[in-house]
Amino acid sequence: MLSYIIEGGRRLEGEVTISGSKNASLPIIAASILSGKTTKLYHVPDIHDTRITLEILKHLGCKVKKNNGKIEIDSKHMDRHEIPEHLMREMRSTVVLAGAIIGRFKEAVFSYPGGCDIGARPIDLHLAAFKKLGINIEEEAGYIRCKCDKIVGTKIDFDFPSVGATENAILASVFAEGETIITNAAMEPEIVDLANMLNAMGAKIEGAGTKLVKVTGVEALKEVSYKVMPDRIEAGTFLCMGAITGGTILLKDVVPEHITPILSKLEECGNMIQVKGNTILLTAPKKLKGVDIKTMPYPGFPTDMQSVFGAMLTVAKGPSVIIENIFENRYKYVGELKRMGAKITVEGKTAVIKGVRKLSGATVKSTDLRGGAALVTAGLIARGKTKVEHIEYILRGYENLDQKLRNLGASIEVVEG
Ligand code: EPZ
């Protein structure tokens, strides 16, 4: 087990360059399956989740080459259509590979991804979309077998704007006969990035980023070189870390319009935000003010920022109320923050935070990716030493987090155990 040891109380000052987006990279890596040719990807973060996804592509018969920041995927000789169960269980977002495998081979076998730390994470919307496209689905003993002679364009209406299900519907319908109309589609920027890459390969996708996406089936896709968008959640995380330490940090290589709701909430709690091109300068106040947060599908406040923002608010002046509308179990980090002296009560979807003057360092356990990031955020200002255990969760989604924080003046080290 790996842990961070953080010495709290240092202001973050300086610049940080944001890495490529984890949540855009995963469906974009999956899309490389569709062409049967070579896809060159740039700006893919070197983190656990991208490494696992590339491992699965190799298992399926793709050739994968990595050299300093560039990833080359040749899916010509891909000859397997089954996603290994142990990898499905390890990372539920591998489910988005299924849409790409089916889209190209008209068959795929995968297992239920299983729940995770933040909720049941069902895939009913994914499977319903596949069925609408004419794909036969058989489920037995936890395995899902998908097969069809052809994929026929259709109308898919999502009960909920699921990010993964929208990505899967797009991937599975790129070569469909005719048009596929997706309504109540998720509008996250990661879906726009996926569509931009697929269109650069010769797909015909219109309306990505809106509630109505139209996919017109094509015969084939071509080689592409594509740079993945910056990670909007990493950007938001660093802004909250700068804010909680009373610091001044400049984020470089970000897309400010991807994080408008985060920026406006940061201003509401007293930070000064200056946006210039693809940079954001945050200057924190002496004391943050409590604010209320409601997580919503994009373009609302992102659920992935709920825990880090909540950690920041534990030392704000006045109360804050958070309502988590997306996942049913995304407050597991609260118990760990309370060990550091935070005053938070959770009732169902709602967390009420009573700002305290100071947090105290403690040994705390990461409960999930963003919950772990929340504990690091708190450790940056907690009095004394904080040990954040099980940082494997955090390494899934943040590239070089400790190095980036040290460059901003934090005292943070990785230790074994
Ligand atoms: C993506 O997960 C992201 N992961 C998540 O980020 C993010 O929190 C989430 O979208 C919401 O923005 C990746 O992109 C790899 P959903 P996804 O399908 O696609 C329910 C992180 O920290 N639902 O939009 O799994 C589901 O249970 C991760 O980077 C169904 O009921 O999210 C949840 O309550 C965490 N049936 C809600 O919809 C389905 O078939 C949102 O899920 C699918 C989803």
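Check the entry above for the structure.
One structure accompanies this document, and this report is about it. Note that the structure is a prediction, hence the values are computed from the model and not measured.

Scoring rules and cut-offs
- Residues numbered from 1 in each chain as written.
- Predicted model: local features only at pLDDT ≥ 70, side-chain atom pairs only at ≥ 80, totals over all residues.
- Heavy atoms only, no water.
- Near = heavy atom within 4 Å.
- Polar contact = N/O pair within 3.5 Å; in protein donor to acceptor, adjacent residues only side chain to side chain.
- Areas by Shrake-Rupley, 256 points an atom, 1.4 Å probe, with all protein chains shown as cover.
- Helix = DSSP H or I, 4+ residues; strand = E, 2+ residues; numbered from the N terminus.
- Domains from an automatic or database assignment.
- Patch = residues over 30% accessible without salt bridge, like charges linked within 9 Å, V, L, I, M, F, W, Y side chains within 5 Å.
- Salt bridge = Lys/Arg side-chain N within 4 Å of Asp/Glu carboxyl O.
- Lys, Arg positive; Asp, Glu negative; His and termini not counted.
- Charge placed at Lys NZ, Arg CZ, Asp CG, Glu CD.
- Expected span 1.5 Å × (residues − 1).
- Buried < 20%, exposed > 50% of the residue type's maximum accessible area, 1.4 Å probe, protein only.
- Contact = heavy atoms within 4.5 Å.

**As for the site of the ligand**
Part 1 of the reasoning: Taken together, 23 residues surround the ligand, and among them D124, L125, S162, D304 and I326 come closest.
Part 2 of the reasoning: At 2.7 Å from a nitrogen atom of the ligand is found a side-chain nitrogen or oxygen belonging to D124.
Part 3 of the reasoning: Within the backbone of V163, an N or O atom sits 2.9 Å from an oxygen atom of the ligand.
Part 4 of the reasoning: Here the ligand loses 88% of its free accessible area of 820 Å² to cover by the protein chains.
Part 5 of the reasoning: For the shell around the ligand, the secondary structure elements donating two or more residues are α1 (22-35), α5 (124-132), α6 (163-173) and α12 (369-379).
Part 6 of the reasoning: Each of domain 1 (2-19 + 230-416) and domain 2 (22-227) accounts for three or more of the residues forming the shell around the ligand.

**Considering a positive patch on the surface**
Part 1 of the reasoning: Side chains of K287, K317, R357, K358 and R383 sit close together on the surface and give a patch of like positive charge.
Part 2 of the reasoning: Within the secondary structure, K287 is located in the loop between β16 (279-283) and β17 (293-294).

**Observations concerning helix α2 (residues 48-59)**
Each α-helix winds once per 3.6 residues, and so residues spaced three or four apart point in a common direction.
Part 1 of the reasoning: Taking 1.5 Å of rise per residue, the 12 residues of α2 would be expected to cover 16 Å, and the 16 Å separating its terminal C-alpha atoms lies within 8% of that figure.
Part 2 of the reasoning: Burial in α2 covers these residues: D49, T50, I52, T53, L54, I56 and L57.
Part 3 of the reasoning: Buried residues in α2 make contact with α1, β4 (63-67), β5 (70-74), α3 (85-90) and α4 (95-105).
Part 4 of the reasoning: Of the residues flanking the end of α2, it is G61, one or two places downstream, whose phi is positive at about 110°.

**Considerations on the pattern of salt bridges**
Part 1 of the reasoning: Summed over the entire model, instances satisfying the criterion amount to 23 salt bridges.
Part 2 of the reasoning: K70 is the salt-bridge partner of E72, the closest N and O atoms lying 3.4 Å from each other.
Part 3 of the reasoning: Residue K70 is classed as partly exposed on the basis of its relative accessible area, which comes to 21%.
Part 4 of the reasoning: Of the charged contacts, one joins E413 and R406 as a salt bridge, the two residues approaching to 3.9 Å between their closest N and O atoms.
Part 5 of the reasoning: Taking relative accessible area as the criterion, E413 reaches 44% and is therefore assigned partly exposed.
Part 6 of the reasoning: Residue R406 is classed as partly exposed on the basis of its relative accessible area, which comes to 26%.
Part 7 of the reasoning: One salt-bridge network, in which partners are shared between bridges, spans K22, D49 and R396.

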